[in-house]
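Structural characterization, general
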Amino acid sequence: MPIQINAKPVDINKRRIINGADADVMQLYPMRHTFAWEAYNVGNANHWLPTEIGMQKDIEQWRSKTVLTEDERKAFETVLGFFTTADSIAANNVVLALYRHVTSPEVRMYLLRQGYEEAIHTHSYQYIVESLGLDESKIFNMYREVEAIYNKDNLVLSLNEGIFDPAFKTGTFENDQKFLENWAVFALVMEGIFFYSSFAVMFGFQRQNKMVGAAEQIQYIMRDESQHLNFGINIVNAIKEEQPELWTKEFQDHLVDIIRRAVVLEYTFAKEVFPTGIFGMNAAGFKQYIEYIADRRLERVGLPLQYNVENPFPWMSEAIDISKEKNFFETRVTEYKIGGQLEW
Ligand code: FE
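A few points on the structure. Predicted model only: the values in this text are computed from it and were never measured.

Concerning the overall build of the protein
In terms of helices and strands, the protein carries 13 helices and zero strands. The C-alpha radius of gyration of the protein comes to 20 Å, within 12% of the 20 Å expected for a compact globule of 344 residues. Projected onto the principal axes, the alpha-carbon positions of the protein cover approximately 70 × 45 × 35 Å. The buried share of the protein, taken over its 344 residues, is 56%. Counted over contacts in the protein with a minimum sequence separation of 6, partners at least 24 positions apart contribute 78%. Of the accessible surface of the protein, which amounts to about 15000 Å², a share of 52% is contributed by carbon and sulfur atoms. One way to put it: in the protein the 34 positive side-chain charges average out to a point 1 Å from where the 48 negative ones average out.

Here's what the structure looks like:
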């Protein structure tokens, strides 16, 4: 669309996440969704690259016949199998589904940063697979071969379908709800639940001083992902404020239903990864942990808690839980920062 000559400044009150009436997506100011700009700056301050992290010790441990058990090897590979495609799905969702419908320039700025971070994550898995000499075709194709991974990806992808249609447009009640559903599921389920048992596996390795190079990369990924989750929650809450008519009781029940289904899929995946329990985590504890984090996601967007359970792995809360993350990287990640303060 050619630019129109117009001396009238952009009206901040007409700016919206979607359906902005004054949708000049090239003018960053006046900035309305300042949380997105803050997230963009945090993302930049947290910049990292997988190749900065040495894999020598991991390579020695992986080659050794005595360091890792068969169950641990299977868990490590299955988790990587999930991760390798999950971030590609996330990147596609950001770039191909969300970006073009967003009418807030500062939200678009963060989405560009987020898309790059998803690429760095995929790079990280590639780096781990290559360093250890794992079978690429086995790891990268797992989402089509391992049912528990397929089912998780398929839940997210099946809900995406409408948004990926090139003819899809926001601006009707039905489509705006569909769009909000996509973002809520993407943030709360994909980035907020489906990554977390895999994060836990990697922290299990780290706590045993095993595969520490891979685990350190997963820590950086988890920090990025927790920002993506925070941002997604802010988006859902902002759209709720801007278009409250979308947030019907029926829609809320629908989201809760999806999250409940996701919890079962994640638990099933965890059982596949830990068939006999591992690193002090058994299947029952794992189920409860996933329920616990699902409740944390629900409460952040004002949906009713479903499980009301204690965190069975308090040690993981130290490492992973979103409210505790502030201190987590204090000693390690600071070294990677190029400038500015570590705040997230
Ligand atoms: Fe992400």
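Topic: the coordination of the iron ion
Around the iron ion, the protein contributes the donor atoms Glu118 (OE), Glu191 (OE), Glu225 (OE), Glu225 (OE) and His228 (ND1), which lie 1.8 to 2.6 Å from the metal centre. Here the donor residues of the iron ion share one chain and are spaced in sequence as E-x72-E-x33-E-x2-H. Of this pair, Glu191 sits in helix H8 (residues 173-191) while His228 is found in helix H10 (residues 212-242), placing the two residues 37 residues apart along the sequence. The pair formed by Glu191 and His228 is uniform in burial state, with each residue classed as buried.

Some details on the packing of aromatic side chains
By the definition in use, this model includes 22 aromatic pairs. Seen from their ring centres, Phe82 and Phe83 are 5.9 Å apart, and the 45° between their planes marks the pair as tilted. Owing to a relative accessible area of 0%, Phe83 belongs among the buried residues under this scheme. Seen in terms of ring centroids, Phe82 and Phe195 are 5.6 Å apart; in terms of plane orientation they differ by 75°. Their pairing is edge-to-face. Here Phe82, found in helix H3 (residues 70-98), pairs with Phe195, found in the loop between H8 and helix H9 (196-207); they are 113 residues apart in sequence, far enough to count as distant. Take Phe82 and Phe195: they sit in the same class, and that class is buried.

Digging into H9
For an α-helix the count is 3.6 residues per turn, leaving residues at separations of three or four pointing the same way. Relative to the 16 Å expected for 12 residues at 1.5 Å per residue, H9 spans 16 Å between its end C-alpha atoms, a close match to the ideal helical length. The buried fraction of H9 is high, at 11 of 12 residues. All of the buried residues in H9 are Tyr196, Ser197, Ser198, Phe199, Ala200, Val201, Met202, Phe203, Gly204, Phe205 and Gln206. Following H9 by one or two positions, Asn209 adopts a phi angle in the positive range, close to 60°.

A look at the packing of helix H11 (residues 249-273) against helix H12 (residues 283-300)
Across the interface, H11 lies against H12 with an axial gap of 9 Å and an inter-helix angle of 150°. The pairing of H11 with H12 is recorded here as roughly antiparallel in orientation. The two elements H11 and H12 cross, and the hand of that crossing is right-handed. Across the interface between the two elements, Val256, Ile259, Val263, Glu266, Tyr267, Ala270 and Lys271 from H11 touch Ala283, Phe286, Lys287, Ile290, Glu291, Ala294 and Leu298 from H12. Grouping the amino acids of the contact of H11 with H12 by side-chain chemistry returns 10 nonpolar, no polar and four charged.

Some points on empty space enclosed by the protein
Applying the stated criterion across every chain yields a total of one cavity of 30 Å³ or more. Its volume calculated, the largest cavity comes out at about 30 Å³. Along the walls of the largest cavity sit Ala184, Val185, Leu188, Val189, Leu255, Ile258 and Ile259, which together make up its complete lining. At the level of secondary structure, the elements contributing two or more residues to the lining of the largest cavity comprise H8 and H11. Of the residues forming the lining of the largest cavity, the biggest block, four residues, is contributed by H8.

Description of the pattern of salt bridges
For the structure shown, the criterion picks out 11 salt bridges. Where Arg32 meets Glu242, a salt bridge forms, and the shortest distance between an N and an O atom there is 3.9 Å. With Arg32 in the segment before helix H1 (34-45) and Glu242 in helix H10, this residue pair connects regions lying 210 residues apart in the sequence. The exposure class assigned to Glu242 is buried, which follows from its relative accessible area of 18%. In this structure, the salt-bridge partner of Lys210 is Glu72, at a minimum N-O distance of 3.0 Å. With Lys210 in the loop between H9 and H10 and Glu72 in helix H3, the pair connects residues that are 138 residues apart, well separated along the chain. The exposure class of Lys210 is buried, given its relative accessible area of 13%.

Overview of the environment of Asp153
The topology assignment puts Asp153 in helix H7 (residues 147-164). According to the relative accessible area criterion, Asp153 is buried, its value standing at 2%. C-alpha separation for the pair Asp153 and Ile239, spaced 86 residues apart in sequence, amounts to 25 Å. In this structure Asp153 touches Phe82, Thr85, Ile89, Tyr143 and Met190, once residues within four positions along its chain are discounted.

So, how was this worked out
- Residues numbered from 1 in each chain as written.
- Predicted model: local features only at pLDDT ≥ 70, side-chain atom pairs only at ≥ 80, totals over all residues.
- Heavy atoms only, no water.
- Helix = DSSP H or I, 4+ residues; strand = E, 2+ residues; numbered from the N terminus.
- Rg over C-alpha atoms; globule rule 2.2 N^0.38 Å.
- Buried < 20%, exposed > 50% of the residue type's maximum accessible area, 1.4 Å probe, protein only.
- Contact = heavy atoms within 4.5 Å.
- Areas by Shrake-Rupley, 256 points an atom, 1.4 Å probe, with all protein chains shown as cover.
- Lys, Arg positive; Asp, Glu negative; His and termini not counted.
- Charge placed at Lys NZ, Arg CZ, Asp CG, Glu CD.
- Donors = N, O, S within 2.8 Å, 3.2 Å for Na, K, Ca; no water.
- Phe/Tyr/Trp six-rings, centres within 6.5 Å; stacked < 30°, edge-to-face > 60°.
- Expected span 1.5 Å × (residues − 1).
- Axes fitted to C-alpha atoms, helices over the stretch in contact; angles between N-to-C directions.
- Parallel < 35°, antiparallel > 145°, perpendicular 65-115°, else oblique.
- Left-handed = near helix turned anticlockwise from the far one by under 90°.
- Nonpolar A, V, L, I, M, F, W, Y, C, P; charged D, E, K, R; others polar.
- 1 Å grid on protein atoms, 1.4 Å probe; cavity = no way out; pocket = protein on both sides within 12 Å on 5 of 7 lines; lining within 4 Å.
- Points joined across faces, edges and corners; volume = space filled by probe spheres on them.
- Salt bridge = Lys/Arg side-chain N within 4 Å of Asp/Glu carboxyl O.

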